[in-house]
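Architecture at a glance
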Amino acid sequence: MDLLDERAKGQDKNLTQDADLSKWGELGNLVQLPLDYPKAPIVEAILQIHVTPADTLAVDDLQTLLTAEDGYGPAEQAIAFDGEVSLVDTEVINKVEASKVGYIFRRHDLKRVVQAHRDSFIFSWLPPYEHWKQFSEEALDHWTRYQRTAQPSSVQSIGVRTINKIPLPDRATELKDYVRISVDVPAYLPQALASMFSQVRVPLSMFGAIATITSVLQPRSDGTQGPPELILDIDIQKSLSLDLADVGFHESLLGALQEARDAKNFVFEACITDATRGLISK
């Protein structure tokens, strides 16, 4: 059974009435199934696969991973900076060095971005987001091409990340009415927030993963008047040790991706309230 057949077999199992919510605890008894919102607030979905690179791989081998025939523009160099800046006797000493770590490919309509690094593969889907099925299939198609070119020996970790923009109503409200991650404002101060930033990392032992949850309340990005924008950024990282030479590699990778996706859905549902569900269900 090839990778596409496995995808079709296991796709979207937790979007049906038979979804396995056994790892969700009390939350599993509260959510309404299926977890499929007509107005999904995802503004960027990202799949990350970190690998052990082949010793023979040169960074420039990745330059032609995607071409104009694939609908992508010219490869852009991905640069990493390493080093330090120090002050010695009032003299600034700069020891920062730049190195090329891979290439970035942008689709002509700017709705997809693929990053091919020596030690990682990253796929980004920009608006409009459709569904996990389309997102994961396209991401894994590009991963297969990366795998053939880079020939890594193993997968060390995977990540599933979604950046959500929740449309707050056009009236003054308390943030906690829409998201369960907030900040405590002293009771003597007005409770309406103009801006906010918070970030927490939560171990999810039931999924074998770690969630980094970032919430940002910011002025509207289009510059218009109105309620601020609420950004809920959920990043699930799952450590693995998958040998690409193993017969069951593809099945193991697909299973890990599904579990990371389940963890992402669990965190999202845990963070929002019924008021938010109402906003994205209409």
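Quantities reported herein were computed from a predicted structural model and do not represent experimental measurements. (Residues numbered from 1 in each chain as written. Predicted model: local features only at pLDDT ≥ 70, side-chain atom pairs only at ≥ 80, totals over all residues. Heavy atoms only, no water.)

1. What about the overall build of the protein chain?
Note the threshold: Strands are runs of DSSP state E lasting at least two residues, helices are runs of H or I lasting at least four, and both sets are numbered from the N terminus onward. Throughout, exposure labels follow a simple rule: accessible area from a 1.4 Å probe, protein chains only, divided by the maximum for the residue type, with under 20% read as buried, over 50% as exposed, and the rest as partly exposed. Whether two residues are in contact is decided by their heavy atoms: any pair within 4.5 Å suffices. Only the protein chains shown count as cover for residues, and the accessible areas themselves come from Shrake-Rupley with a 1.4 Å probe.
A count of helical and extended segments in the protein chain gives four helices and eleven strands. For the protein chain, the proportion of its 282 residues judged to be buried stands at 45%. If you take every contact in the protein chain between residues at least 6 apart in sequence, the share linking residues at least 24 apart comes to 67%. Carbon and sulfur atoms provide 50% of the accessible area of the protein chain, an area that totals close to 15300 Å².

2. Here's the deal with the side chain of Asp 233
Threshold: Whenever two N or O atoms come within 3.5 Å, that pair is a polar contact, provided that in protein one can donate a hydrogen and the other can accept it, and provided that, for residues adjacent in sequence, both atoms are side-chain atoms.
Tracing the chain through its elements places Asp 233 in strand S11 (residues 229-243). According to the relative accessible area criterion, Asp 233 is buried, its value standing at 11%. At a separation of 2.5 Å, a polar atom in the side chain of Asp 233 contacts the side chain of Arg 161. Every residue in contact with Asp 233, bar those within four places of it in the chain, is listed here: Arg 161, Thr 162, Ile 163, Thr 212, Ile 213 and Thr 214.

3. Remarks on the side chain of Ser 136
Assignment of secondary structure puts Ser 136 in helix H2 (residues 132-150). A polar atom in the side chain of Ser 136 sits 3.3 Å from the backbone oxygen of Lys 133.

4. A few points about the sheet that holds strand S9 (residues 196-204)
Counted only if it meets this: Only when DSSP finds a minimum of two bridges between them are two strands counted as paired. Helix axes use the C-alpha atoms of the stretch in contact, all axes being lines fitted to C-alpha atoms, and the angles between their N-to-C directions lie in the range 0 to 180 degrees.
In spatial order, the strands read S2-S5-S6-S7-S1-S8-S11-S10-S9; together these nine strands make up an open sheet with antiparallel pairing. This sheet does not close on itself; its edge strands, each paired only once, are strand S2 (76-82) and S9. Pairwise comparison of adjacent strand axes, ignoring direction, gives a mean angle of 15 degrees for this sheet. As defined by bridge partners, strand S5 (residues 97-106) adjoins strand S6 (residues 112-117) across five bridges and the pair is classed as antiparallel. Each residue of the ladder has a partner; that of Gly 102, found in S6, is His 117.

5. Quick notes on the packing of aromatic side chains
Put simply, the test is: Two aromatic rings from Phe, Tyr or Trp, using only the six-membered ring of Trp, form a pair when their centres are within 6.5 Å; if the ring planes differ by under 30 degrees the pair is stacked, by over 60 it is edge-to-face, and anything between is tilted. The rule for a charge over a ring is simple: NZ of Lys or CZ of Arg within 6 Å of the ring centre, and within 35 degrees of the ring normal.
Going through the model one piece at a time under the given rule, you end up with eleven aromatic pairs. Where Trp 125 meets Phe 135, the ring centres are 6.4 Å apart and the plane angle is 65 degrees; that geometry is what we call edge-to-face. Remark: Phe 135 occurs in helix H2 and Trp 125 occurs in strand S7 (residues 120-125); sequence separation between them is ten residues. A ring pair is formed by Tyr 129 and Phe 135, whose centres lie 6.3 Å apart and whose planes are at 55 degrees; its orientation type is tilted. Assigned by exposure class, Tyr 129 and Phe 135 land together as buried. Taken together, Phe 123, Trp 125, Tyr 129, Trp 132 and Phe 135 form an aromatic cluster joined through their ring pairs. For Arg 112, the ring lying beneath its charged end belongs to Trp 125, and the centroid distance is 3.4 Å.

All we've got here are geometric facts, nothing functional implied.
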